[in-house]
Amino acid sequence: MSILFFASLIVYFAAAMVQFSGVSMKKAGLTRAARLLFMVGFALHSGYSIWRGIVAGRVPLANQFEFASGFAWAIVVLGFGLYRKGKAEWTMTAAMPASFLVLSYAAFQPMAIKDLMPALRSTWFVLHIGSAAFSYAAFAISAGLGVGYLLMLRKGKDDSDSRLKQLDYLGYRMVCLGFLLLTVVIFSGAIWAEQAWSSWWSWDPKETWALITWIFYAIYLHQRMRRKWQGKRMAWLSIVAFILVIFTFAGVNLLLPGLHSYATQG
Amino acid sequence: MRRSLRFFRSMRFGMILLVLVMALSVVGSLIPQKEQAMTYVRAYGAEKATLLMALGWNDLFHTWYFLALEGLLCINLLLCSILRFPRTVHAGEQLMKTAEDSSTETPCDSAQLQRMKEFLISHGFRKRNAATGEVYTRHFLGFYGSFLTHLSILWVLLFGSLVLMTPQTEDLTVMPGESLVLSDGTRILCESFHIEDGQGKLDYASTLHAISADGKQEKIQEIRVNEPMRFGNYKVYQQTYGTAGRVRIVNHATETEDTLFLTESCFLSIDGQNGVYFEALYPGFVQDDDGNYTLVTNTSGSYPDPVYRIQTIAEGMSTSVLAFPEETLSLGEIDFTFLLPAEYPGLRIKHVSSVLYGALYFGFGLMIAALYLCFFMVPAAVSVREDGYSVVSPKEVQEIREALTIAGKEEEP
């Protein structure tokens, strides 16, 4: 069944390529085709995740591979959701390569299905890790929209261009969603940690970096909501913030051993 | 005084504090915390390690300056919450006033206006009559979002710190069938412990029987990771586990029998001179063709072929021997029968305050609700007059308008 996983990876890549061509050549037919491909990829990816969940007998979010796969899946869900609301082509242009890249990262992780280790057998498992996947996905799309914003600005678009404003606004809204979900991640993790390890906060590297990311996005939101920062500065902030997210997700597991090390061990 | 108060409650000050907390957190996450001094010397060299420890970076999150930053953040949050409160309470009235005072932004005819009104009602707006016409409003609760968010952060910081600072925890081991007696007389009997469940999956579960000091309350529960037992003001966690050797000692002279757990080296003797010196329990062994044994020391935690390494001491003579489970050594009137090893749990016993935990979890819930209000319940008001309408919101008129447009539902009359 791994073929479903690799097929979805290839289809996501194809969708991203077709989307880039459609956007750069301004051909609506191509972007429509890209969306269709993306949907096919999503169906394959969902099929694989469901199969894996059935075989494992749990929600497939227990190790680095499964989380990365869930993260990519959440990017697709949010990408489609956002596109349905705003019809902004850049939503898809951001979501397609983002989901492909995250799924590519997953492809390099050990894929073996293992029993859930005792520390992960908790009612908080789905809420904590599921909201992390969606939170990271929202931040990924926000960063993608930030990149889009900067590219369009480089192409000579004016700050007052309505499409740029829309990108800016959607990026901000994604940060709002991601921030709310990251708060859920931190709090559900704290309650879970108290049940498992007796302390709701241990300054474990993963916890600390989640807090660092949270603080950075809190600064982003203050600059946006109170200081009215918009446009280029916010685009850069969302990209830098997403680098922190990536470090929290992958870097911490690789470089800073701690209580969350089982994520890499599977 | 007023100036410094203004600074302490300012967003700029709050941002400075957040950046500092963030920067120190990065440092604290990169440097291993609470390690032995030698660990730092080995990792960074003597000079850097000395500097690092002088700065307290070996336990950065408990340094006075990190705690001071947290304290200042609390002051900043408290002051800005106090400042924000009256504005929050009156924000709705203020918005209504702004709506009433606003001039028509988008002129339109009566049919278009009717469509606009229907659109607003279908999108959850409530009609309010004003002196100048009608004002359609929604999500006024959202005005409390920012205030409640800051208040809840303060709440979580305060109660979180209290919860972290106040618990009294104790790590204890208990052998199956034996009891622990806590300082207030509460008794915790470990009825059983197993590492694997019936299907061979790792489980690490202890069955505990807790009895209050007066004997009036008792509770039996199987605890495991993620499933601690709550009993009175105690919470008992399944923390670690270990494997202990067991020996049954029969004294034929007195016709007494006892079974002991062996967790560390010890001398088992009646007269203090003759007996068995237990050295260690090994998980396995390999026997070569000549019958020689090599003891296996693995760290997997399992004991597939346990073997005891002991010394028998009799008449001043010491002899090293290996003892296998169910093997009996007789020394005079005493029989030592080595049994299969037993697994035992390491328990963490924490004295908890329900009030503090309740307050902390309330803070978590409040903050999530407040953030939802803040981000997804943006207060909006649309002033509708006979000649057209205008979109009004507290500060971000453009943003609300864009939100409505992005919703894809707004029909420009």
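**Focus on the overall build of chain A**
Moving on, step 1. Looking only at helices and strands, chain A has nine helices and zero strands in total.
Moving on, step 2. Secondary structure of chain A in N-to-C order comes out as α-α-α-α-α-α-α-α-α.
Moving on, step 3. Computed over C-alpha atoms, the radius of gyration of chain A comes to 18 Å, within 12% of the 18 Å expected from 2.2 N^0.38 for 266 residues, which places it in the range of a compact globule.
Moving on, step 4. The principal-axis extents of the C-alpha atoms in chain A amount to approximately 55 × 45 × 30 Å.
Moving on, step 5. By the burial criterion, 61% of the 266 residues in chain A qualify as buried.
Moving on, step 6. Counting contacts in chain A only where the partners sit at least 6 residues apart, residues at least 24 apart contribute 78% of the total.
Moving on, step 7. Here chain A displays about 10,500 Å² of accessible surface, and carbon together with sulfur accounts for 69% of that area.
Moving on, step 8. If the 24 positive side-chain charges of chain A are averaged to one point and the 10 negative ones to another, these points end up 9 Å apart.

**With respect to the interface of chain A and chain B**
Moving on, step 1. Contacts between chain A and chain B engage 50 residues on the former and 54 residues on the latter.
Moving on, step 2. Taken over both partners, the interface formed by chain A and chain B buries close to 4,600 Å², and the fraction arising from carbon and sulfur atoms is 68%.
Moving on, step 3. Among the residues of chain A in contact with chain B, Phe187(A), Trp200(A) and Trp203(A) are the three that bury the most area, contributing 15% of the side total.
Moving on, step 4. We note a salt bridge from Glu194(A) to Lys235(B), for which the minimum N-O separation is 2.7 Å.
Moving on, step 5. Secondary structure elements with two or more residues in the side of chain A that touches chain B: helix H3 (64-86), helix H6 (162-197) and helix H7 (205-225) of chain A.
Moving on, step 6. Residue contributions to the side of chain A that touches chain B peak at 20 residues, all from H6(A).
Moving on, step 7. Residue classes in the side of chain A that touches chain B are distributed as 29 nonpolar, 11 polar and 10 charged.

**Quick word on the nonpolar core**
Moving on, step 1. Counting residues in hydrophobic clusters, the biggest one holds 126 residues, and the most contacted among them are Phe38(A), Phe71(A), Ile75(A) and Trp214(A).
Moving on, step 2. If you tally residues by element for this core, the top one is H6(A), at 18 residues.
Moving on, step 3. Apart from residues lying up to four places away in sequence, Phe38(A) is in contact with Tyr12(A), Ala15(A), Val76(A), Phe80(A), Met92(A), Ala95(A), Met96(A) and Ser99(A).
Moving on, step 4. Listed in part, the 15 residues of the second largest apolar core include Leu268(B), Val276(B), Leu281(B) and Ile310(B).

**Considering unusual backbone geometry**
Working note: non-glycine residues mostly have negative phi, and peptide bonds are mostly trans.
Moving on, step 1. Here the phi dihedral of Lys26(A) falls at roughly 55°; this positive angle occurs in a residue that is not glycine.
Moving on, step 2. Note that Lys26(A) resides in the loop between helix H1 (2-25) and helix H2 (28-56).
Moving on, step 3. A positive phi angle, close to 80°, is found at Asn226(B), a residue other than glycine.
Moving on, step 4. As for its placement among the helices and strands, Asn226(B) is situated in the loop between strand E8 (218-223) and strand E9 (229-231).
Moving on, step 5. Among the residues examined, Asn226(B) registers a relative accessible area of 6% and is labelled buried.

**A word on the pairing of strand E19 (residues 334-351) of chain B**
Residues and elements named next belong to chain B.
Moving on, step 1. E19 sits mainly inside the fold: 14 of its 18 residues count as buried.
Moving on, step 2. With six bridges connecting them, strand E4 (residues 168-173) and E19 associate as antiparallel partners. Bridging across to E19, Asp171 finds its partner in Arg348.
Moving on, step 3. Bridge analysis of strand E10 (residues 234-251) against E19 gives 16 bridges, and the strand direction is antiparallel. Its bridge partner lying in E19, Tyr237 is registered against Arg348.
Moving on, step 4. Where strand E18 (residues 327-331) meets E19, five bridges bridge the pair, whose relative direction is antiparallel.

**Looking at the sheet that holds strand E1 (residues 106-107) of chain B**
Residues and elements named next belong to chain B.
Moving on, step 1. Strand order in the open sheet made by the five strands is E1-E21-E20-E3-E2, with antiparallel pairing throughout. Edge positions in the sheet fall to E1 and strand E2 (126-130), since each of these pairs with one other strand and no more.
Moving on, step 2. Sheet topology places E1 next to strand E21 (residues 388-392); two bridges connect them, and they run antiparallel. Across the sheet, Pro107 pairs through a bridge with Gly388, a residue of E21.
Moving on, step 3. Across the sheet, helix H5 (residues 64-101) touches E2, strand E3 (133-138), strand E20 (380-385) and E21, and the angle it forms with E20 is around 30°.
Moving on, step 4. Contacting E3, E20 and E21, helix H6 (residues 110-122) runs over the sheet at an angle of about 155° to E20.

**Structural notes on empty space enclosed by the protein**
Moving on, step 1. The full count for this structure, using the stated rule, is four cavities of 30 Å³ or more.
Moving on, step 2. In this structure, the second largest cavity is lined by 13 residues; those nearest its centre are Gly146(A), Leu167(A), Asp168(A), Gly171(A) and Ala235(A).

**What to know about the packing of helix H5 (residues 124-154) of chain A against helix H8 (residues 232-255) of chain A**
Residue and element names in this part refer to chain A.
Moving on, step 1. Put simply, H5 and H8 touch, their axes get as near as 8 Å, and they point 140° apart. Remark: the crossing between H5 and H8 carries left-handed chirality. Contacts between H5 and H8 pair Tyr136, Phe139, Ala140, Ser142, Ala143, Gly146, Val147, Tyr149, Leu150 and Leu153 from the former with Lys232, Ala235, Trp236, Ser238, Ile239, Phe242, Val245, Thr248 and Phe249 from the latter.
Moving on, step 2. Residue classes in the contact of H5 with H8 are distributed as 14 nonpolar, four polar and one charged.

**Thoughts on the pattern of salt bridges**
Residues and elements named next belong to chain B.
Moving on, step 1. Applying the stated criterion to the full structure yields 15 salt bridges over all chains.
Moving on, step 2. Of the charged contacts, one joins Arg224 and Glu227 as a salt bridge, the two residues approaching to 3.3 Å between their closest N and O atoms.
Moving on, step 3. Judged by relative accessible area, Arg224 falls into the buried class, the value being 17%.
Moving on, step 4. Bridged by salt links that share partners, the residues Asp203, Glu222, Arg224 and Glu227 form one connected network.

**Remarks on the domain arrangement of chain B**
Often, the extent of an interface is quoted as the loss of accessible area upon association of its parts.
Moving on, step 1. Its domain assignment divides chain B into domain 1 (2-72), domain 2 (90-139 + 378-409), domain 3 (141-164 + 353-375), domain 4 (168-242 + 347-352) and domain 5 (243-343).
Moving on, step 2. Averaged C-alpha coordinates put domain 1 of chain B and domain 5 of chain B at centres separated by 52 Å.

**What about helix H2 (residues 11-30) of chain B?**
Moving on, step 1. Its 20 residues place the ends of H2(B) 29 Å apart at the C-alpha level, agreeing with the 28 Å of an ideal helix rising 1.5 Å per residue.
Moving on, step 2. Every buried residue belonging to H2(B) is among Phe13(B), Gly14(B), Met15(B), Leu17(B), Leu18(B), Val21(B), Met22(B), Leu24(B), Ser25(B), Gly28(B) and Ser29(B), and all of these are buried.
Moving on, step 3. Buried residues in H2(B) make contact with H7 of chain A together with helix H1 (2-8) and H5 of chain B.

**What to know about the state of the cysteines**
Moving on, step 1. In the structure shown here, the tally under the stated rule is zero disulfides over all chains.
Moving on, step 2. We note that Cys374(B) lacks a disulfide partner, and the nearest cysteine sulfur, in Cys176(A), lies 8.0 Å from it.

**What to know about the packing of H5(A) against H6(A)**
Residues and elements named next belong to chain A.
Moving on, step 1. Contact geometry of H5 with H6 gives a least axis separation of 7 Å together with a crossing angle of 155°. Classed by the angle they form, the pair H5 and H6 counts as roughly antiparallel. For the pair H5 and H6, the sense of crossing is left-handed.

**Regarding H5(B)**
Moving on, step 1. The end-to-end C-alpha distance of H5(B) is 53 Å, a good match for the 56 Å that 38 residues give at a rise of 1.5 Å each.
Moving on, step 2. Along H5(B), the sharpest change in direction is near 50° and occurs at Ala91(B).

**Overview of the side chain of Lys235(B)**
Moving on, step 1. With respect to the helices and strands, the residue Lys235(B) is situated in strand E10.
Moving on, step 2. Separated by 2.7 Å, the side chains of Lys235(B) and Glu194(A) make a polar contact.
Moving on, step 3. Beyond its immediate chain neighbours, meaning those up to four positions away, Lys235(B) contacts Glu194(A), Pro228(B), Met229(B), Arg230(B), Arg348(B), Ile349(B), Lys350(B) and Val352(B).

What counts, and at which threshold
Residues numbered from 1 in each chain as written. Chains lettered and ligands numbered in written order. Predicted model: local features only at pLDDT ≥ 70, side-chain atom pairs only at ≥ 80, totals over all residues. Heavy atoms only, no water. Helix = DSSP H or I, 4+ residues; strand = E, 2+ residues; numbered from the N terminus. Rg over C-alpha atoms; globule rule 2.2 N^0.38 Å. Buried < 20%, exposed > 50% of the residue type's maximum accessible area, 1.4 Å probe, protein only. Contact = heavy atoms within 4.5 Å. Areas by Shrake-Rupley, 256 points an atom, 1.4 Å probe, with all protein chains shown as cover. Lys, Arg positive; Asp, Glu negative; His and termini not counted. Charge placed at Lys NZ, Arg CZ, Asp CG, Glu CD. Buried area = accessible area lost by both parts, 1.4 Å probe. Salt bridge = Lys/Arg side-chain N within 4 Å of Asp/Glu carboxyl O. Nonpolar A, V, L, I, M, F, W, Y, C, P; charged D, E, K, R; others polar. Core = buried A, V, L, I, M, F, W, Y, C linked by side-chain atoms within 4.5 Å. Pairing = 2+ DSSP bridges. Axes fitted to C-alpha atoms, helices over the stretch in contact; angles between N-to-C directions. 1 Å grid on protein atoms, 1.4 Å probe; cavity = no way out; pocket = protein on both sides within 12 Å on 5 of 7 lines; lining within 4 Å. Points joined across faces, edges and corners; volume = space filled by probe spheres on them. Left-handed = near helix turned anticlockwise from the far one by under 90°. Domains from an automatic or database assignment. Expected span 1.5 Å × (residues − 1). Disulfide = S-S within 2.5 Å. Parallel < 35°, antiparallel > 145°, perpendicular 65-115°, else oblique. Bend = angle between axes of the 7 residues up to and from the residue. Polar contact = N/O pair within 3.5 Å; in protein donor to acceptor, adjacent residues only side chain to side chain.

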